[in-house]
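# Examining the three-dimensional arrangement
Each chain, written out:
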Amino acid sequence: MTCNLGVDVGGTFTDVIVFNENTHELTVDKVLSTPANPSDGVLAGVEEATRKAGMSVADLDLFFHGTTVVTNMLLEETGARVGLITTAGHENVLHLARAWTPGPLYGWIGMEKPDPLADLVDTRGISGTISAPDGEVTEPLNEDEIREAVHELQAAGIESLTVALLNSYLNSSHEERVREIIEEEAPELPVSISAEIVPEYGEYERTLTTAINDYARPQVINYLDELETSLETADSTATMNVVRSDGGLMSSGAAKNRPVELALSGPSGGVVGAATIAEKKGVPDVLTVDMGGTSTDVSLVEDGKPETSRKTKVGYREFKSRSVDVNTVGAGGGSVARVQLNGSLQVGPESSGADPGPACYGHGGEAPTVTDANVVLGRIPPIVQLGGKMNLDREAARTAIGTIADERGSSIEAAAQAIIDIVNENMHGALRVVSVERGYDPRDFGLVAFGGAGPMHANALSNVMDAYPLVIPPGPGVMSAFGFLTSDVQNEFSETYLETDLDVDGSDVHAEMMALRNEATDWLHSEGIDQSNHSFEYYADCRYFRQDIQMSIPVNIDNLRGMGMDEIKEDFEARHDKRFGFSLDAPLEMATLRVIGKGTLKGVTIEEHDVADADPRPAKVGTNAVYFDGDDHETPIYDRTDLQAGNEIVGPAIVIDDDATVVIQPDHTAVIDRYANIEINRGDVA
């Protein structure tokens with residue numbers, strides 16, 4: 001008996017999902033995260049989930065892991081001390097950065113610019129230049145100078161070293177030689193060269209991205225080594241794959257070399273899983289809402305594919321790394337509510353976290369949170385145990401929300417409803433960013449909601465955006481972990497091109513794409529992926545000539561030689577017009593060409609169930625007074641594990657499960673589809 005396992009480390013909970021390859025059964029579990037040492041929570045969750053599934057850790061075949069180690073490191077600035085070797089005269093590259101300040105108006109007043117990840121005292125400029133645009137060596141390296149710089153930096157106490165030389169994206173020979181010298185002089189020092197991390201123009205972004213890679217490397221190496229050792233001690237021989245920011249996978253060895261690719265590791269998994277489920281249902285265009293304990297991540301999926309971005313932003317730092325295009329707001333179950341001096345109510349971004357957590361957890365928390373508000377309103381019924389094992393302190397929740405009610409001069413229920421309304425509006429604003437503000441009409445999309453708190457709030461969001469159907473997948477509280485099981489091994493290979501459609505034809509672009517494809521093929525082989533499981537996607541980052549607004553355009557490689565550049569230009573202009581409302585009579589410039597190499601791993605199978613009758617009463621476990629529209633409604637409660645495909649539920653209703661609670665509002669109807677999703681639509685007909 002073998003099984004595959006996905007684990008997602010969140011700010012409050014560590015989520016685990018086990019897939020039995022023989023029976024196709026899914027088992028989910030949640031344990032409290034251990035921020036001081038995340039691997040402790042991971043191992044505890046793995047052991048508990050496999051035991052719950054009737055297996056042992058030794059039965060694991062594939063292990064899929066999403067981690068927030070890099071995200072937290074960047075936000076909390078707890079990474080390694082990084083040294084930087086760059087071209088002489090460009091030592092201030094990270095300090096010059098880009099001219100940017102946060103909005104809204106006067107947002108710069110409160111901005112505290114973060115310090116560069118490589119301090120000037122740990123930066124050395126070296127001789128040796130490469131010219132642009134031909135990439136010729138115009139000044140050779142001074143190797144004695146490089147050796148001296150390495151010795152100085154090592155003696156100063158750096159923990160990793162970045163090499164980012166001017167124009168290295170055109171010719172990497174100098175950076176490669178510098179790395180060889182570093183490995184000779186300081187073989188134990190982790191070192192990254194920018195020509196491998198970001199082989200593209202833009203020296204600041206290239207240097208920053210490579211520095212972030214080295215900022216994270218020592219800690220990521222230690223974390224993954226420790227986790228692998230713990231799993232081996234528990235008799236696991238599973239192959240570990242780590243989830244990338246773009247929703248793909250890479251081996252733990254590759255993750256240790258390129259941790260910058262893990263900056264949005266966790267959120268990407270949920271979007272990939274939601275896209276897989278929605279496409280299976282025949283709803284390929286959806287918005288996704290992942291509401292956890294600390295924050296909410298929203299994204300857009302079009303034609304079954306998550307939107308991706310070439311820019312990843314964590315805190316104030318924006319760097320070049322492919323990631324699922326996720327918009328995050330500080331709205332979670334643990335978000336704290338407070339009354340401002342002007343009497344207005346604010347919810348988040350401060351969170352109670354896992355320790356002490358919301359007041360209802362009974363761990364000493366006293367601040368009123370979104371979870372406490374849901375408890376007060378009856379949307380988390382008394383029979384619910386958090387994670388299937390934690391009893392909630394309902395009186396503590398009422399006491400916490402009572403502080404808001406007293407300050408506002410309202411009933412406790414009205415105060416709780418106000419908290420819910422505000423956090424819903426915060427999420428609504430985030431959804432508008434990824435849809436309306438990018439030229440999409442939410443009414444053309446469904447909504448997939450997951451996360452521990454998402455299914456409680458999704459119906460209200462779907463209603464205000466008119467985005468239907470609303471889909472609540474099975475195991476919504478561990479959807480990110482489920483998404484890991486649906487991911488493919490993948491990596492991106494790119495090169496700066498800077499050619500217009502007037503200067504090159506389809507054959508020229510085809511030849512460059514094939515060269516990148518060969519690089520992707522070699523990498524997939526290095527990851528142990530059989531040739532029969534290889535697939536490739538092709539993109540061109542395009543812009544109007546002499547403009548800087550780029551859009552990534554998918555390229556049909558088979559049409560390049562026949563249709564030339566016409567198909568790419570037509571697609572770009574249509575997308576530009578949709579996004580910005582205009583197009584120009586100007587040449588098309590391809591700034592960067594990209595190939596994504598994918599290797600298929602069959603981590604999970606989505607089962608189809610026989611459809612039963614519409615009567616859900618066998619799954620009914622009681623009723624509870626739930627507050628809707630300013631009044632209490634006696635509301636039926638259903639156990640999700642007993643619901644069958646074909647069952648129809650007329651709202652208002654509550655559906656409970658170990659990992660999440662689903663709220664079905666009045667004037668809505670839910671049906672259990674043949675894939676065990678809860679599909680909710682407005683009206684009294686399923």
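The rules behind the values
- Residues numbered from 1 in each chain as written.
- Predicted model: local features only at pLDDT ≥ 70, side-chain atom pairs only at ≥ 80, totals over all residues.
- Heavy atoms only, no water.
- Helix = DSSP H or I, 4+ residues; strand = E, 2+ residues; numbered from the N terminus.
- Rg over C-alpha atoms; globule rule 2.2 N^0.38 Å.
- Buried < 20%, exposed > 50% of the residue type's maximum accessible area, 1.4 Å probe, protein only.
- Contact = heavy atoms within 4.5 Å.
- Areas by Shrake-Rupley, 256 points an atom, 1.4 Å probe, with all protein chains shown as cover.
- Lys, Arg positive; Asp, Glu negative; His and termini not counted.
- Charge placed at Lys NZ, Arg CZ, Asp CG, Glu CD.
- Pairing = 2+ DSSP bridges.
- Axes fitted to C-alpha atoms, helices over the stretch in contact; angles between N-to-C directions.
- Patch = residues over 30% accessible without salt bridge, like charges linked within 9 Å, V, L, I, M, F, W, Y side chains within 5 Å.
- Salt bridge = Lys/Arg side-chain N within 4 Å of Asp/Glu carboxyl O.
- Phe/Tyr/Trp six-rings, centres within 6.5 Å; stacked < 30°, edge-to-face > 60°.
- Lys NZ or Arg CZ within 6 Å of the ring centre and 35° of its normal.
- Core = buried A, V, L, I, M, F, W, Y, C linked by side-chain atoms within 4.5 Å.
- Expected span 1.5 Å × (residues − 1).
- Parallel < 35°, antiparallel > 145°, perpendicular 65-115°, else oblique.
- Left-handed = near helix turned anticlockwise from the far one by under 90°.
- Nonpolar A, V, L, I, M, F, W, Y, C, P; charged D, E, K, R; others polar.
- Bend = angle between axes of the 7 residues up to and from the residue.

Another aspect to go through is the overall build of the protein chain. From N to C terminus, the protein chain includes 17 helices and 35 strands. Here the C-alpha radius of gyration of the protein chain, 26 Å, is about what a compact globule of 686 residues would show, namely 26 Å. For the C-alpha atoms alone, the extent of the protein chain along its principal axes is close to 80 × 60 × 60 Å. Counting all 686 residues of the protein chain, 57% fall into the buried class. Pairs at least 24 residues apart make up 67% of the contacts formed inside the protein chain by residues separated by at least 6 positions. On the protein chain, roughly 27,600 Å² of surface is accessible, and the fraction owed to carbon and sulfur atoms is 45%. Computed over 49 positive and 113 negative side-chain charges, the separation of the two mean positions in the protein chain equals 3 Å.

Judged by pairing direction, the sheet is parallel, and its four strands sit side by side in the order S6-S5-S9-S10 without closing on themselves. Each edge of the sheet is formed by a strand with only one pairing partner; in this case those strands are strand S6 (123–126) and strand S10 (191–193). Strand-to-strand twist of the sheet, defined as the mean angle between neighbouring strand axes without regard to direction, takes the value 20°. As paired elements, strand S9 (residues 160–164) and S10 share three bridges and run parallel to each other. Looking at S10, one finds that Val163 is bridged to Ile193. Most of the contacts of helix H4 (residues 143–156) go to S6, to which it runs at about 175°, and overall it touches strand S5 (82–87), S6 and S9. Its contacts with the sheet put helix H7 (residues 203–233) on S5, S9 and S10, and the angle it makes with S9 is roughly 165°.

On the surface, a cluster of negative charge is made up of Asp629, Asp631, Asp632, Glu634, Asp667 and Asp684. The exposure class of Glu634 is exposed, given its relative accessible area of 57%.

We now examine the packing of aromatic side chains. Following the criterion strictly, the structure yields three aromatic pairs and no others. One residue, Lys320, lies across the ring of Tyr201, its end atom 5.1 Å from the ring centre.

Glancing now at the pattern of salt bridges. Should their charged atoms come close, side chains of opposite charge can pair. Applying the stated criterion to the full structure yields 41 salt bridges. Close ionic contact of Glu350 with Arg338 constitutes a salt bridge, the shortest N to O distance being 2.2 Å. Of this pair, Glu350 sits in strand S20 (residues 345–351) while Arg338 sits in strand S19 (residues 335–339), and the two are twelve residues apart along the sequence. Of the residues examined, Arg338 reaches a relative accessible area of 25% and is grouped as partly exposed. For Arg543, the salt bridge goes to Asp548, with nearest N and O atoms at 3.2 Å. In the salt-bridge network here, residues are joined through shared partners; they are Glu200, Arg244, Asp246, Arg258, Glu261, Arg310, Lys320, Arg322, Glu492, Asp541 and Arg594.

This part is about the nonpolar core. In this structure, Phe63, Val509 and Met590 are the most contacted members of the largest nonpolar core, which totals 109 residues. If we skip the residues at most four places from it in the chain, Phe63 touches Leu5, Val7, Val42, Val46, Leu227, Leu231, Ala238, Thr239, Met240 and Asn241. Core analysis: the next-biggest nonpolar cluster, separate from the first, contains 66 residues, Ala337, Leu377, Met465 and Ile680 among them.

So, on to helix H9 (residues 265–281). Over its 17 residues, H9 runs 25 Å from end to end, which matches the ideal 24 Å to within 8%, given 1.5 Å per residue. With 14 of 17 residues buried, H9 lies mostly within the body of the structure. Looking at the residues trailing H9, positive phi occurs at Gly282, about 90°.

It is worth spelling out the environment of Cys360 at this point. Of note, Cys360 is situated in the loop between S20 and helix H10 (370–376). Look at Cys360 and you get buried, because its relative accessible area is 0%. As for Cys360 and Gly304, which are separated by 56 residues in sequence, their C-alpha atoms are 38 Å apart.

For the pair helix H12 (residues 412–434) and helix H13 (residues 454–465), interaxial distance at closest approach is 10 Å and the crossing angle is 55°. Judged by the angle between their axes, H12 and H13 are oblique. Taken as a pair, H12 and H13 cross one another with a handedness that is right-handed. Listed contacts from H13 to Ile420, Val423, Asn424, Met427, His428 and Leu431 of H12 are His457, Ala460, Leu461, Val464 and Met465. Considered class by class, the residues forming the contact of H12 with H13 number eight nonpolar, three polar and no charged.

A separate point is H7. Here H7 contains 31 residues, and its C-alpha end-to-end distance of 44 Å stays within 8% of the 45 Å for a straight helix at 1.5 Å per residue. At Arg217, H7 shows its maximal kink, close to 40°; a proline, Pro218, follows between one and four residues later. Directly beyond the C-terminal end of H7, a positive phi value near 75° is found at Asp235.

Take the packing of helix H2 (residues 69–76) against H7 next. Orientation of H2 relative to H7, taken along the N-to-C sense of each, is 130°, at an axis distance of 10 Å. In this view, H2 runs oblique relative to H7, as classed from their interaxial angle. H7 is crossed by H2, and the crossing has right-handed handedness. Residues Val69, Val70, Met73 and Leu74 of H2 pack against Ile212, Tyr215, Ala216, Gln219, Val220 and Tyr223 of H7. In terms of residue class, the contact of H2 with H7 is made up of nine nonpolar, one polar and no charged.

Another point: the side chain of Thr296. Examined against the element boundaries, Thr296 turns out to sit in strand S14 (residues 296–302). For Thr296, a relative accessible area of 0% corresponds to the buried category. Leaving out residues up to four positions away in the same chain, Thr296 has contacts with Val289, Asp290, Met291, Asn327, Thr328, Val329, Ala331 and Met427.

All right, on to the environment of Gly409 then. By secondary structure assignment, the location of Gly409 is in the loop between helix H11 (394–408) and H12. Take Gly409: its relative accessible area is 69%, and that puts it in the exposed class. Sequence separation of Gly409 and Ala49 is 360 residues, and the distance between their C-alpha atoms is 46 Å.

Just distances and angles here, no functional claims.
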